[in-house]
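Topology and contacts: notes
Spelled out, the chains give:
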Amino acid sequence: MTDRLAEIRAEIDKADQELVKILARRLELVKEVGRVKSITGTPVYAPDREKSMIAKRRAEAEKAGISPDLIEDVLRRFTRESYGAEEACFKCLNPDLKKIVIIGGRGGIGRIFTRLFESSGYYVETMGHRDWPRADEIFRDAGLVIVSVPIDKTPEVIDRLSFLDENCILTDFTSTKTMPLQHMLKVHQGPVVGLHPMFGPDISSMAKQVIIWTQGRHDERCQWLRKQFELWGAHVLPISADEHDSSMRYIQALRHFTTFTYGVFLAKENPHFPTLLRLSSPIYRMELMMVGRLFAQDPGLYADIIMSSARNTSVIERYAEVVKEQTELLKNTDREEFIRRFCQGRDYFGEYAEKFLRECGDLIAKMHDAKVPEEEGLSGESAASESQ
């Protein structure tokens, strides 16, 4: 039986080697697709094509007696890699544009857009705070100026741009939109649009990434920029500045604050973190990951996002009141009231509650596959001390 097991494993290894070759061949074909798309100006992300391809492969998997979910997982994972492989170059949709200037272009988000614009054939010049003595030279012939600096620096940077040509598009990447739009419209008489890339600097591809688009002035003259983003694979979402900022109070400010508070609380309580991690099931590990992810990044960025508006503080204060109310409920051990409020929350989420439950199931399975307990377990010495 030992010999037979070795034979079977050898066959599995051979099948895996063939699979690697097939995937390598597929990736070469994807690169060729990218080259064709760059010539024709076809967007990287083709949702109809992806949906059709996944549906066909699922049907074929079912006929072959293979889990359709397994095949979909493999294809989606490989498709994500494929989008990055397609980013060799893109068609330039505004070849007459002489120059793009990205203020703060050496930061994380700035570098992403610098690379993408350059791969599309645009001439890009980045500008840091030490480059203002050369402003006349840097901004000469600029057709698009992007402000990508911290929130607390955004107004003063925008206010220095009154000299831009009236045909130049002025935009920003700030995570709030009302304030920068007001400053841009005041200082610049040409086209203005507010942008908010809803992703961090660690993305591998622009495919499926969301970019918020808030109109300012002469939106029709900015449409080539929107189409360029879509060509890269991004989903451009138009929304008013007020609606954007109102939503971000809950999506960003409140969410970041609660994560920050949870992390600060853990630091104050100081439970043994390796033990927490070792005992966490995938869903709890995921929650710890989200907290740890925040503390691995720039604290100033999160301070600026949370403190960017008094309305953010107001939302957080109301949240604190709700936390206090729920704490009183627990102190009174009012189980029936707890269940009633739980049902209120469920009613708010509606059908999304079940949808999110299913989606989390997929994420939990992936987390479980990736976790290697022995790599994160306690050492023999610390385990012994913990048990004493």
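Summary of the structure given here. A quick note: this is a predicted structure, and the numbers were derived from the prediction, not measured. (Residues numbered from 1 in each chain as written. Predicted model: local features only at pLDDT ≥ 70, side-chain atom pairs only at ≥ 80, totals over all residues. Heavy atoms only, no water.)

**Re the overall build of the chain**
Which entries qualify depends on this criterion: The helix and strand labels rest on DSSP assignments: H or I over at least four residues marks a helix, E over at least two residues marks a strand, and numbering proceeds from the N terminus. Only protein chains enter the accessibility calculation, which uses a 1.4 Å probe; a residue is then buried when its area is under 20% of its type maximum, exposed when over 50%, and partly exposed in between. Only the protein chains shown count as cover for residues, with accessible areas throughout obtained via the Shrake-Rupley method and a probe of 1.4 Å.
In terms of regular secondary structure, the chain is built from 17 helices and seven strands. With respect to the three principal axes, the spread of C-alpha positions in the chain is 75 × 60 × 45 Å. Scored against the burial criterion, the 388 residues of the chain give a buried share of 36%. Summed over its atoms, the accessible surface of the chain is roughly 24300 Å², and 56% of this surface lies on carbon and sulfur atoms.

**Topic: the packing of helix α9 (residues 241-269) against helix α11 (residues 282-295)**
Short version of the rule: Convention adopted: a line fitted to C-alpha atoms gives each axis, helices being fitted over their contacting stretch, and angles between N-to-C directions are expressed from 0 to 180 degrees. Small angles under 35 degrees read as roughly parallel and large ones over 145 as roughly antiparallel, with 65 to 115 read as roughly perpendicular and the rest as oblique. Contact definition: two residues touch when any of their heavy atoms are within 4.5 Å.
Relative orientation of the contacting elements α9 and α11 amounts to 95°, with a least axis distance of 9 Å. The orientation of α9 with respect to α11, classified from their angle, is roughly perpendicular. Contacts from H256, T259, F260, Y262, G263, V264 and L266 of α9 reach α11 at L288, M290, V291, L294 and F295.

**A short note on the pattern of salt bridges**
This is how the line gets drawn: Salt bridges, as used here, are contacts in which a Lys or Arg side-chain nitrogen is within 4 Å of a carboxyl oxygen on Asp or Glu.
For the structure shown, the criterion picks out 20 salt bridges. With a closest N to O distance of 2.9 Å, D69 and R58 form a salt bridge. Residue D69 is located in helix α3 (residues 68-85), and its partner R58 is located in helix α2 (residues 47-63); the two are separated by 11 residues in the primary sequence. Two residues, R340 and E337, come together in a salt bridge whose shortest N-O distance is 2.6 Å. Of this pair, R340 and E337 both sit in helix α14 (residues 335-349), three residues apart, roughly one helical turn. If you follow the salt bridges from partner to partner, you end up with E50, R58, D69, E72, R76 and K208 in one network.

**A few points about a nonpolar patch on the surface**
Filter applied, for reference: Like charges within 9 Å and nonpolar side chains (Val, Leu, Ile, Met, Phe, Trp, Tyr) within 5 Å are joined into patches, using only residues over 30% in relative accessible area that form no salt bridge.
A cluster of nonpolar side chains, namely L330, F338, I339 and F342, defines an oily patch on the protein surface of about 410 Å² accessible area. No other element matches the three residues that α14 contributes to the nonpolar patch. You can see F338 is positioned in helix α14.

**Considering α14**
Applied cut-off: In this scheme, a helix's expected span is set at 1.5 Å multiplied by one less than its residue total.
With 15 residues, α14 extends 21 Å between its outermost C-alpha atoms, agreeing within 8% with the 21 Å of an ideal straight helix rising 1.5 Å per residue. Phi turns positive, to about 55°, at G350, one or two residues after α14.

**With respect to the packing of α9 against helix α13 (residues 310-331)**
Cut-off, in case you're wondering: When the near helix sits turned anticlockwise from the far one by under a right angle, the crossing is termed left-handed; a clockwise turn instead gives a right-handed crossing. Gly counts as polar in this scheme, as do all residues outside two lists: the nonpolar Ala, Val, Leu, Ile, Met, Phe, Trp, Tyr, Cys and Pro, and the charged Asp, Glu, Lys and Arg.
In contact at an axis separation of 10 Å, α9 and α13 are set at 60° when each is read in the N-to-C sense. Taken together, α9 and α13 sit at an angle that is classed as oblique. α13 is crossed by α9, and the crossing has right-handed handedness. The segment α9 lies against α13, with R249, Y250, A253, L254, F257 and T258 engaging R311, N312, V315, I316, R318 and Y319. Partitioned by chemical class, the residues of the contact of α9 with α13 number seven nonpolar, two polar and three charged.

**Quick word on unusual backbone geometry**
A positive phi is found at N270, a non-glycine position, where the angle reads about 60°. Along the chain, N270 falls in the loop between α9 and α10 (273-279). Given a relative accessible area of 61%, N270 falls into the exposed group. If you check the backbone angles, T333 has positive phi at about 45° while not being a glycine.

**Regarding the environment of M179**
Relative to the assigned elements, M179 resides in helix α7 (residues 178-187). Note: C-alpha distance between M179 and T154 (25 residues apart in sequence) is 9.1 Å. Each residue touching M179, except ones within four places of it in the same chain, is listed here: I151 and P155.

**Topic: the nonpolar core**
When a protein is soluble and globular, its nonpolar side chains tend to lie buried together. Applied cut-off: Nonpolar cores were defined as sets of buried Ala, Val, Leu, Ile, Met, Phe, Trp, Tyr and Cys residues, with membership established by side-chain atoms within 4.5 Å.
Counting residues in hydrophobic clusters, the biggest one holds 33 residues, and the most contacted among them are F113, F117, L144, M206 and F229. For this core, the secondary-structure elements that each account for two or more residues are β1 (99-103), α4 (108-119), β3 (142-147), β5 (192-197), β6 (210-217) and α8 (223-231). In this structure F113 touches I102, F173, P197, F199, M206, I211, F229 and W232, once residues within four positions along its chain are discounted. The next biggest cluster of nonpolar side chains, apart from the first, holds 21 residues, and it includes V101, M127, I138 and L170.

**With respect to the pairing of β6**
As a reminder of what qualifies: For two strands to pair, DSSP has to find at least two bridges joining them. With the strands pointing away from the viewer, any crossover whose connection runs clockwise from the first strand over the helix to the second is right-handed.
The pairing of β5 with β6 spans six bridges and is classified as antiparallel. Residue pairing across strands places L195 opposite W213, the latter belonging to β6. Here four bridges tie β6 to strand β7 (residues 235-238), and the two strands are oriented parallel to one another. Within the sheet, the bridge partner assigned to I212 lies in β7 and is L237. The β-α-β motif built from β6, the intervening α8 and the parallel element β7 has right-handed crossover chirality.

**Describing the sheet that holds β6**
Judged by pairing direction, the sheet is mixed, and its seven strands sit side by side in the order β2-β1-β3-β4-β5-β6-β7 without closing on themselves. The open sheet has two edge strands, β2 (124-127) and β7, and neither has a second partner. When strand polarity is set aside, the average angle formed by the axes of neighbouring strands in this sheet is 25°. Examined bridge by bridge, β1 and β3 share five bridges and lie parallel to one another. Counterpart to I100 in the pairing with β3 is L144.

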